[in-house]
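Report on the structure
Here are the chains, one letter per residue:
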Amino acid sequence: MEIMFFRIALIAYFVSTAGFIISLFVGRVKVAKISMWIFSLAFVLHTTYIVMRWIGTAFIPSANIYSSLSFVAWVVSGAYLAFQTKTKTRVLGAFVSPTVLVMLITASAGLMGGASLPPALHGPWVSIHVVFLLTGGALFVLACLTGAMYLLQDNLIKKKKVGGISGLLPSLQDLDRINHICIIWGFPLLTFGIIAGSVWARIVWGTSWHWDPKQICTAVSWVIYAVLIHQRLIIGWKGRKAAFLSIIGFAGFLFASLGVNIFFVTIHNF
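The following paragraphs examine the structure supplied in this document.

Conventions adopted
- Residues numbered from 1 in each chain as written.
- Predicted model: local features only at pLDDT ≥ 70, side-chain atom pairs only at ≥ 80, totals over all residues.
- Heavy atoms only, no water.
- Helix = DSSP H or I, 4+ residues; strand = E, 2+ residues; numbered from the N terminus.
- Buried < 20%, exposed > 50% of the residue type's maximum accessible area, 1.4 Å probe, protein only.
- Contact = heavy atoms within 4.5 Å.
- Areas by Shrake-Rupley, 256 points an atom, 1.4 Å probe, with all protein chains shown as cover.
- Expected span 1.5 Å × (residues − 1).
- Axes fitted to C-alpha atoms, helices over the stretch in contact; angles between N-to-C directions.
- Left-handed = near helix turned anticlockwise from the far one by under 90°.
- Nonpolar A, V, L, I, M, F, W, Y, C, P; charged D, E, K, R; others polar.
- Phe/Tyr/Trp six-rings, centres within 6.5 Å; stacked < 30°, edge-to-face > 60°.
- Core = buried A, V, L, I, M, F, W, Y, C linked by side-chain atoms within 4.5 Å.
- Domains from an automatic or database assignment.
- Parallel < 35°, antiparallel > 145°, perpendicular 65-115°, else oblique.
- Patch = residues over 30% accessible without salt bridge, like charges linked within 9 Å, V, L, I, M, F, W, Y side chains within 5 Å.
- Salt bridge = Lys/Arg side-chain N within 4 Å of Asp/Glu carboxyl O.

Some details on the overall build of the protein chain
Counting its regular elements, the protein chain contains nine helices and zero strands. Each helix and strand of the protein chain, placed in order from N terminus to C terminus, yields the pattern α-α-α-α-α-α-α-α-α. Counting only residues that meet the buried cut, the protein chain has 48% of its 270 residues in that class. Pairs at least 24 apart in sequence give 80% of the contacts found in the protein chain among residues at least 6 apart. A total accessible area of about 13200 Å² is found for the protein chain, and carbon and sulfur atoms account for 72% of it.

Looking at helix H8 (residues 213-235)
Taking 1.5 Å per residue, 23 residues should reach 33 Å; H8 reaches 32 Å between its end C-alpha atoms and fits that length. Every buried residue belonging to H8 is among Lys 214, Gln 215, Cys 217, Thr 218, Ser 221, Tyr 225, Leu 228, Ile 229, Gln 231 and Arg 232, and all of these are buried. Where H8 is buried, its residues contact helix H5 (124-158), helix H7 (172-205) and helix H9 (239-263). Looking one or two residues beyond H8, the residue adopting positive phi is Gly 236, at roughly 95°.

A word on the packing of H7 against H9
Orientation of H7 relative to H9, taken along the N-to-C sense of each, is 40°, at an axis distance of 11 Å. Both H7 and H9 take part in a crossing whose hand is left-handed. Along its contact with H7, which presents Asp 176, Asn 179, Ile 183 and Leu 190, the element H9 presents Gly 239, Ala 242, Ala 243, Ser 246 and Phe 253. Residue classes in the contact of H7 with H9 are distributed as five nonpolar, three polar and one charged.

Digging into the packing of aromatic side chains
All told, the structure shown has nine aromatic pairs when counted by the stated rule. A centroid spacing of 5.1 Å and a plane angle of 35° characterise the contact between Phe 187 and Trp 222, whose relative ring orientation is tilted. In this pair, Phe 187 is assigned in helix H7 and Trp 222 in helix H8, connecting sequence segments 35 residues apart. For Phe 187, a relative accessible area of 15% translates into the label buried. Judged by relative accessible area, which is 30%, Trp 222 ranks as partly exposed. Every member of this aromatic cluster is reached through a ring pair, and the members are Tyr 13, Phe 39 and Tyr 80.

A closer look at the environment of Ile 203
Mapped onto the fold, Ile 203 is located in helix H7. Linking Ile 203 and Trp 125, residues 78 residues apart in sequence, is a C-alpha distance of 9.6 Å.

Comments concerning the nonpolar core
Tyr 13, Tyr 80, Val 96, Val 100 and Tyr 225 are the most contacted members of the largest nonpolar core, which totals 69 residues. Put simply, the parts of the chain that give this core at least two residues each are helix H1 (2-26), helix H2 (29-57), helix H3 (65-84), helix H4 (93-107), H5, H7, H8 and H9. The element best represented in this core is H5, accounting for 15 residues. Domain assignment of the residues forming this core places at least three in each of domain 1 (1-73 + 87-111) and domain 2 (120-270). Ignoring any residue separated from it by four or fewer positions in sequence, one finds Tyr 225 in contact with Phe 140, Ile 183, Phe 187, Leu 190, Ser 246, Gly 249, Phe 250 and Phe 253.

Some remarks on H9
A rise of 1.5 Å per residue sets the reference length of H9, with its 25 residues, at 36 Å; its end C-alpha atoms lie 34 Å apart and thus fit the reference within 8%. Turning to H9, its buried residues number three or more, namely Gly 239, Ala 242, Ala 243, Leu 245, Ser 246, Gly 249, Phe 250, Phe 253, Ala 256, Gly 259 and Val 260.

Section: the packing of H5 against H9
Running from amino to carboxyl end, H5 crosses H9 at an angle of 140°, the nearest separation of the two axes being 8 Å. One element, H5, and the other, H9, form an angle in the oblique class. The two elements H5 and H9 cross, and the hand of that crossing is left-handed. Within the contact between the two elements, H5 uses Leu 133, Gly 137, Phe 140, Val 141, Ala 143, Cys 144, Gly 147, Ala 148, Tyr 150, Leu 151, Asp 154 and Lys 158 and H9 uses Gly 239, Arg 240, Ala 243, Ser 246, Ile 247, Phe 250 and Phe 253.

Thoughts on the environment of Leu 133
Structurally, Leu 133 is set in helix H5. Exposure remark for Leu 133: the relative accessible area of 17% places this residue in the buried category. Those residues in contact with Leu 133, other than ones at most four positions away along the chain, are Leu 189, Leu 190, Gly 193, Ile 194 and Phe 253.

Section: a nonpolar patch on the surface
A surface patch of nonpolar side chains, about 450 Å² in accessible area, is lined by Trp 125, Ile 128, Ile 203, Val 204 and Trp 205. Residue assignment for the nonpolar patch shows that the elements contributing at least two residues are H5 and H7. Among the elements that line the nonpolar patch, the one with the most residues is H7, at three residues. For Ile 203, a relative accessible area of 60% gives the class exposed.

Next up, the structure:
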């Protein structure tokens, strides 16, 4: 039953993506408004799917890469909609909606079956570890997207192309603010997720650190975000530098999350 809500949500995300992209080409804010409402409907349907699946199967997002992608897409969607109540960043959906759509199309390949978890993945520390890491990662996705849009808007303004697409894009101030908030909230979530994973690893394997490639790459991405926060709060970095580093930080986090399993042998191969 719950898969029906996922499929309808996927269709709604597709329609909203098409609408957001069209709004950029035709230069119509009204099209973006309609697309945002369709995106909101998709989020509600997606939420219904996640709640029903959680209740029906007691799954956690780490069950497989597909459920993890679905969860991250859901958090990204919710965070984007939350920012709509405070800032005029509706057209950010032209970046957010396609990203969510791609994640859900990928997730749809493996959501039909149930999740079979190895014994090591049972326990509250695992759930805390995964939920915190994925929620932090979702905020980093949004920070990366706002950073990319900031660089695009800044480039258009510097070239004095203030009409057309530039006129529809959010202000640099709003984009920088969202980028900052996402990093500020995502970093402690990443930190708590790493701590929870360390506790779980000590319980299961007797030690918190294995020099595992995924642990090392995650630590590197943590350092990148720590440097970014330090530079913003202490040195006063804003704008292009912060936007660029948020993109670099997410690239590191993405490699730690997905790339490591492709190129290295890791104990996190589940």
